[in-house]
Amino acid sequence: MKLFKTAKNKNSNSDELIFRSVCFLASVFTLFYFLYNLYVDRTNGMKIINSIGFVGFTTIWMLTSFKKLINPLKFVFTIFTLIIMSLGWFYNGGSEGAMPFLFQLGFVAFIMIIENKYHFYIFLLILLNLIIVSSLEFLYPSLMEMYPSDNLRKIDVFVANFISIIFIGILINLLKKNYGKEKEFAMQQKEELEIAYKTKSRFLANMSHEIRTPMNGMLGMAVVLGKTPLNPQQKEYLNAIEVSGDRLLNIINEILDYSKIEAGEMSYSQKPFSLYQCISEVLDITASKAFEKNLELAYWIENDVPRIIIGDFDKLRQILLNLIGNAIKFTEKGEILISLKNIKINDQKAVLQFSVKDTGIGINNKDLKNIFESFQQLDNSNRREYGGTGLGLAICKRFINNMNGEIHVKSELGKGTEFFFTIEAGISEDKDINDFTIPKEKLPIIENKKILVVEYNDTNRKILDLALSGWGMLVKSFKNPKEAFDFLTNTKSDFDLALIDFKTKPYNGLELGKKIKDKGYNFPLLLVDSHNELDIEEVSKFFRFIILKPLKGHLLFEIITNTLSDVKFDMVTKTKKEPLKQEIASAVPLRILIVEDDLINQKLAVHLLGLMGYKADLAKNGEIAIQMARTNQYDLIFMDIQMPITDGYEATKAIRNMQNIKQPFIVAMTANVMEDAQIKSKKVGMNEFMSKPINVTNLENLLLSMKGRTS
Ligand code: ADP
């Protein structure tokens, strides 16, 4: 057992100093008392005790110069002091004399030299000693050697008091100095830590830039390669490159986000946006993964949730992507339900609660506590199977806290997990934003119309019931196609419309459709499907439309109203559009300049634009770009930022200062995704900011959006 403070670090120096000072003061104190006793001519016993004390304390004090001995000496000091004080009790007037003060003094000295956790034992020891000596005094008064006179006792008490006060004063002063040093040391350490943290974050941000540049080349070239003739095996290899690249990019993004948060460089925007669009985008991205695993994906938004809120669209999207992504990752069977409700609302603000609930592997209670800590991946065996950085939830929590919200989780092993979080958001009535509400004027078309719903998934069926009856439809829903068919034939009831899920059991929705049509019913049928792999010709014999999951309220409403009012439209709801259209260039003809120093990225940009039908010019640094912009009328310039000779900022400034040219649209294209790069590029006059690796859909959208801007 380590009873005394050890000499290990910087603090140990001040510990030593205190101990040496205590020994020194004890030795001075006993010397003083010895001389004083000589002077007042007191009992011999007292003189002897004082001289023993003086010799003992001085020896201990001198031995403290051997550092190794310090800890055992603290022990020796404690016991020796107690012995001297106990002897003094009998030769110095006991409880009536100066001894009680000296016991207190001893107690303070022990407290100062001995580790905090043993203070209680020291207290007990000194108290026990006090009880023993005062009991002896009480039982055997003859043992006491009394003072020669009352006056002398008074002087003694006064002197002991006086010395105690000075002694305690000196010790307290020492303690304060010691504490001050510790505080200074702690502050210094804190500063050093902060600097180290910021340096680390900056380093990560720079690394991310360095990694993004070659990744842009890799991923972009994979897209270009995909447009060349490939055999199935080669296509599979290419797909593997793309999937791995995306995963790598995701990891880099998470690390970058996390370091931005840690460095205090994350900024949050406050702009109006459509909540429905945010959720819908997340569903579009995650749906294919969920359906690949045969999972159901459904969402439910309460009616009173405001449609347009003010906040940070991208951050909310990222939170939902992470939670839904995790839910899909950790669920093998069942469903994922996203729901959204309003828990508080006034004119300007709403507190919204989102929930993402899965029927996956669950999380055990022990792990739930740490789940929002960074780098937490619960079961190590998961790591290899599922991948990930363990940063996603930590980032979500920071984002949510920043939106004045909280995130919590409920889970049961083997049954599933529910993450729910709140955010506080301003409410907006911006008329320019599509809020995806259903057009109320069309409600009469569907009100009181009878609809048959056959959906095997309970959650989806409930949601459909709620939504359809909310629009005023008369809903009859079934889980089992057989029961639905029996109901139809037995009750001879007629419907205006039927919504049938493909994945029903014991037989699928397509067969049910066939049966209904074979029986001669001629109300229109809609088929709901998640895979988009059905034979359209076959389906169209019985069904009017195929609606792809996840079902979106406003789209479903449009399809139902169109069906009931007999409007014609495509057989399948469109989900993804084919990227890279040759026609873009003929629809939006543009003179384009690419300013890029990296050789592979130059080739990539030329190829990508080439696939859309453009023939772009190339400049390998800002200097050349300035000259080319002066002599050619470019509509659009893609400008890299970090370049030798003249960088993108300088080049843009120079182009913006040119008087007699038609000013081009300038897009920053950079792997530096830090906030300051975006702000700076706006400041020098760039119109848009695109981060590398280039997202082909974003590029297409940008080119298409140039239509109104040119000519
Ligand atoms: P990662 O990027 O590694 O998934 P996260 O921070 O998003 O990191 O998640 C941390 C860990 O929490 C995961 O590795 C997983 O063990 C657990 N986890 C998160 N979501 C779920 C879920 N829906 N079901 C079960 N476990 C989950």
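In short, a report on the structure. Every value quoted in this text rests on a predicted model; they were computed, and no experiment measured them. (Residues numbered from 1 in each chain as written. Predicted model: local features only at pLDDT ≥ 70, side-chain atom pairs only at ≥ 80, totals over all residues. Heavy atoms only, no water.)

1. So, the overall build of the protein chain
Here is step 1: The number of helices and strands found in the protein chain is 24 helices and 17 strands.
Here is step 2: Whereas a compact globule of 711 residues would reach a radius of gyration of roughly 27 Å, the protein chain reaches 41 Å, over 25% beyond that.
Here is step 3: Across its three principal axes, the protein chain shows a C-alpha extent of roughly 130 × 80 × 55 Å.
Here is step 4: The long-range fraction of contacts in the protein chain, counting pairs at least 24 apart against all pairs at least 6 apart in sequence, stands at 73%.
Here is step 5: Once the 86 positive and 81 negative side-chain charges of the protein chain are each reduced to a mean point, those two points are 2 Å apart. (Helix = DSSP H or I, 4+ residues; strand = E, 2+ residues; numbered from the N terminus. Rg over C-alpha atoms; globule rule 2.2 N^0.38 Å. Contact = heavy atoms within 4.5 Å. Lys, Arg positive; Asp, Glu negative; His and termini not counted. Charge placed at Lys NZ, Arg CZ, Asp CG, Glu CD.)

2. Some words on the sheet that holds strand S13 (residues 592-595)
Here is step 1: Pairing is parallel in the open sheet, where five strands are placed in the order S14-S13-S15-S16-S17. Only two strands of the sheet have a single partner each, and these edge strands are strand S14 (617-619) and strand S17 (688-691). Taking each pair of neighbouring strands and ignoring which way they run, the sheet shows an average axis angle of 20°.
Here is step 2: Two strands pair when backbone bridges link them, and S13 and S14 are joined in this way by three bridges, in the parallel orientation. Paired with Val-595 across the strands is Ala-619, a residue of S14.
Here is step 3: Sheet contacts for helix H20 (residues 599-611): S13, S14 and strand S15 (636-639); angle to S13, the most-contacted strand, approximately 160°. (Pairing = 2+ DSSP bridges. Axes fitted to C-alpha atoms, helices over the stretch in contact; angles between N-to-C directions.)

3. Let's talk about the environment of Asn-457
Here is step 1: One can find Asn-457 in the loop between strand S8 (450-454) and helix H14 (458-470).
Here is step 2: The buried category is assigned to Asn-457, whose relative accessible area is 8%.
Here is step 3: It is 9.9 Å that separates the C-alpha atoms of Asn-457 and Phe-478, two residues lying 21 residues apart in sequence.
Here is step 4: Every residue in contact with Asn-457, bar those within four places of it in the chain, is listed here: Glu-296 and Glu-335.
Here is step 5: In this structure the side chain of Asn-457 is engaged in a polar contact, spanning 3.1 Å, whose partner is the backbone nitrogen of Thr-459.
Here is step 6: Among the polar contacts listed, one links the side chain of Asn-457 to the backbone nitrogen of Asn-460, at a separation of 2.8 Å. (Buried < 20%, exposed > 50% of the residue type's maximum accessible area, 1.4 Å probe, protein only. Polar contact = N/O pair within 3.5 Å; in protein donor to acceptor, adjacent residues only side chain to side chain.)

4. Digging into the pattern of salt bridges
It is possible for side chains of opposite charge to pair when their charged atoms get near one another.
Here is step 1: Tallying each qualifying case throughout the model produces 23 salt bridges.
Here is step 2: The shortest N-O distance in the salt bridge between Lys-293 and Glu-332 comes to 3.5 Å. In this pair, Lys-293 sits in the loop between helix H8 (275-292) and strand S2 (296-301) while Glu-332 sits in the loop between helix H9 (313-329) and strand S4 (335-345), placing the two residues 39 residues apart along the sequence.
Here is step 3: Glu-332 sits in the partly exposed class, given a relative accessible area of 47%.
Here is step 4: With a closest N to O distance of 3.4 Å, Asp-635 and Lys-662 form a salt bridge. Here Lys-662 lies in the loop between helix H22 (648-656) and strand S16 (665-670) and Asp-635 lies in the loop between helix H21 (622-631) and S15, a separation of 27 residues in the sequence. (Salt bridge = Lys/Arg side-chain N within 4 Å of Asp/Glu carboxyl O.)

5. Section: the sheet that holds S8
Here is step 1: Reading across from one edge, S9-S8-S10-S11-S12 is the order of the five strands in this open sheet, with parallel pairing throughout. Whereas interior strands pair on both sides, the edge strands pair on one side only; in this sheet they are strand S9 (474-478) and strand S12 (545-548). Geometrically, the sheet is characterised by an average inter-axis angle of 20° between neighbouring strands, direction not taken into account.
Here is step 2: Strand direction decides the pairing type here: strand S11 (residues 525-529) and S12, joined by four bridges, are parallel. By the bridge assignment, Val-528 is partnered in S12 with Ile-547.
Here is step 3: The strands that helix H15 (residues 481-491) touches are S8 and S9; relative to S9, the one it contacts most, it runs at about 130°.
Here is step 4: Strands in contact with helix H16 (residues 509-518) are S8, strand S10 (497-501) and S11; relative to S11, the strand with the most contacts, it is inclined by about 170°.

6. A few points about unusual backbone geometry
Here is step 1: Residue Pro-550 follows Lys-549 across a cis peptide bond; omega there is -5°.
Here is step 2: Among the secondary structure elements, Pro-550 is positioned in the loop between S12 and helix H18 (553-564).
Here is step 3: With omega at -5°, the peptide bond leading from Lys-692 into Pro-693 counts as cis.
Here is step 4: Counting through the fold element by element, Pro-693 comes out in the loop between S17 and helix H24 (696-705).
Here is step 5: Positive phi outside glycine occurs at Asn-448, with the angle close to 65°.
Here is step 6: With respect to the helices, strands and loops of the structure, Asn-448 is situated in the loop between helix H13 (443-446) and S8.
Here is step 7: Residue Asn-448 is classed as exposed on the basis of its relative accessible area of 57%.

7. What to know about the packing of helix H3 (residues 70-91) against helix H4 (residues 99-113)
Here is step 1: Two elements in contact, H3 and H4, have axes whose closest approach is 10 Å; the angle formed by their N-to-C orientations is 175°. Here H4 runs roughly antiparallel to H3, going by the angle between their axes. The residues of H4 that touch H3, namely those facing Lys-74, Phe-77, Thr-78, Thr-81, Leu-82, Met-85, Gly-88 and Trp-89, are Met-99, Pro-100, Leu-102, Phe-103, Gly-106, Phe-110 and Ile-113.
Here is step 2: Its residues placed into classes, the contact of H3 with H4 shows 10 nonpolar, four polar and one charged. (Parallel < 35°, antiparallel > 145°, perpendicular 65-115°, else oblique. Nonpolar A, V, L, I, M, F, W, Y, C, P; charged D, E, K, R; others polar.)

8. Some thoughts on the environment of Pro-100
Here is step 1: For Pro-100, the position within the fold is in helix H4.
Here is step 2: The sequence separation of Pro-100 and Trp-89 amounts to 11 residues, and the corresponding C-alpha distance is 8.7 Å.
Here is step 3: Setting aside chain neighbours within four positions, we find Pro-100 in contact with Trp-89, Gly-94 and Ser-95.

9. What about the packing of H15 against H16?
A pair of packed helices is captured by two measures, namely the crossing angle of their axes and the spacing between those axes.
Here is step 1: In the contact formed by H15 and H16, the axes pass within 10 Å of each other and the chain directions differ by 10°. The angle between H15 and H16 falls in the class roughly parallel. The handedness of the crossing between H15 and H16 comes out as right-handed. Residue-level contacts link Pro-481, Phe-485 and Leu-488 of H15 to Leu-512, Lys-515 and Ile-516 of H16.
Here is step 2: Its residues placed into classes, the contact of H15 with H16 shows five nonpolar, no polar and one charged. (Left-handed = near helix turned anticlockwise from the far one by under 90°.)

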